[in-house]
Amino acid sequence: MAISWEGIKAGDSLPELKKKPGVSQLVKYAAGSGDFNPLHYDYKSSPSQAVGSIVVHGRFKYALLGELVSNWLIHKGRIKKISCQHIGMDYPDKEIRCKGTVLRKWEEGGEKLAELRVWTENEQGKRTTPGMVVVVF
């Protein structure tokens, strides 16, 4: 279904995005981002040993939130502002669920805007990366 600024309202949910990144995807992300912290790919590194596992990059989850919103917009708008906090760890080969809701919409400076609350959840349903997004239609 095509989305429009007129057709959304506060409380609407974005379609959930599920991802299950494996170690090879994290290594590819490390290469693309330049973040070669061994915590993200080397189980034998000191940081990984201290945590008990390697962990998904925080910026990888930030990108997933961008993908969630971009998929919802279906080329009917663009992300104007996006931010998030990294408050929990996610692990490779475990499902990450990306979710969001519309908080409000308004017009300003000739733009039709909407503010969204977005987040990632781990398999236990704990929010690990909450964020906010403003989109322009």
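Scroll up a little and you will see the structure.
Residues numbered from 1 in each chain as written. Predicted model: local features only at pLDDT ≥ 70, side-chain atom pairs only at ≥ 80, totals over all residues. Heavy atoms only, no water.

**Quick look at the overall build of the chain**
This is how the line gets drawn: Think of it this way: any DSSP run of H or I at least four residues long counts as a helix, any run of E at least two long counts as a strand, and we number them from the N terminus. Buried means the residue's accessible area, taken with a 1.4 Å probe over protein chains only, is under 20% of the maximum for its type, while exposed means over 50%, and partly exposed covers the values in between. Whether two residues touch is decided by their heavy atoms; if any such pair falls within 4.5 Å, the residues are in contact.
Each helix and strand counted, the chain has three helices and five strands in total. Listed by position from the N terminus, the elements making up the chain come as β-α-α-α-β-β-β-β. With respect to the principal axes defined by its C-alpha atoms, the chain has extents near 55 × 30 × 25 Å. Evaluated residue by residue, the chain yields a buried proportion of 39% over its 137 residues. Pairs at least 24 apart in sequence give 65% of the contacts found in the chain among residues at least 6 apart.

**A few points about the pairing of strand S3 (residues 96-108)**
To keep things clear, this is the line we draw: Two strands pair under a simple rule: DSSP has to find at least two bridges between them.
Relative to S3, strand S1 (residues 17-19) is paired through three bridges, and the arrangement is antiparallel. Considered in S3, the bridge of Leu17 is made with Cys98. Adjacent in sequence and paired antiparallel, S3 and strand S4 (residues 111-121) are bridged by two residues, among which Gly109 carries a positive phi angle near 55°.

Read these as geometric descriptors, not functional statements.
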